[in-house]
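This is what each chain is made of:
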Amino acid sequence: MKIKNEILIQVFAYFGAINVFCTMYYMLLTRNIGTPFKDSLTNKQLQILNLSSKRRRKVYLEGLILGCLLLFVFKPFKIN
């Protein structure tokens, strides 16, 4: 079982590293693209967009906190 846990940890570590790389790559290559869609919206549409963004941010943060709590409680990657 210990070998499977170590492999699982390594796989998730690779996924995490890939995610960090992709995020940095995306930010680097899109920093000068601009926001043509957002620039075309009316004030009312921008209000709707901002409200939607706040709701989605709240749901994301709730999931992040819940995930951290579950990992803390169950410790699925604990190595003996």
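The preceding data block contains the structure.
Residues numbered from 1 in each chain as written. Predicted model: local features only at pLDDT ≥ 70, side-chain atom pairs only at ≥ 80, totals over all residues. Heavy atoms only, no water.

**Student:** What am I meant to see in a nonpolar patch on the surface here?
**Tutor:** Where nonpolar side chains cluster on the molecular surface, the patch consists of Ile3, Ile7, Leu8, Val11, Phe12, Tyr14, Phe15 and Ile18 and spans about 820 Å² of accessible area. By the element assignment, Phe15 lies in helix H1 (residues 2-30). When its relative accessible area of 52% is taken as the criterion, Phe15 is described as exposed. (Patch = residues over 30% accessible without salt bridge, like charges linked within 9 Å, V, L, I, M, F, W, Y side chains within 5 Å. Areas by Shrake-Rupley, 256 points an atom, 1.4 Å probe, with all protein chains shown as cover. Salt bridge = Lys/Arg side-chain N within 4 Å of Asp/Glu carboxyl O. Helix = DSSP H or I, 4+ residues; strand = E, 2+ residues; numbered from the N terminus. Buried < 20%, exposed > 50% of the residue type's maximum accessible area, 1.4 Å probe, protein only.)

**Student:** Even after reading the chapter, I still don't get helix H3 (residues 43-74), so can you show me in this structure?
**Tutor:** Structural remark: α-helix, 3.6 residues per turn; residues separated by three or four positions point the same way. Its 32 residues place the ends of H3 46 Å apart at the C-alpha level, agreeing with the 46 Å of an ideal helix rising 1.5 Å per residue. Once H3 finishes, Lys75 follows within two positions and takes phi at roughly 45 degrees, a positive value. (Expected span 1.5 Å × (residues − 1).)

**Student:** Explanation requested: the pattern of salt bridges in the structure shown.
**Tutor:** Opposite charge on two side chains lets them pair, provided their charged atoms get close. Taken as a whole and judged by the stated rule, the model has one salt bridge. Across the salt bridge formed by Glu62 and Lys58, the nearest N and O atoms sit 3.5 Å from each other. One end of the pair, Glu62, and the other, Lys58, are both in helix H3, four residues apart, so they sit about a helical turn from each other. With relative accessibility at 54%, the residue Lys58 sits in the exposed group.

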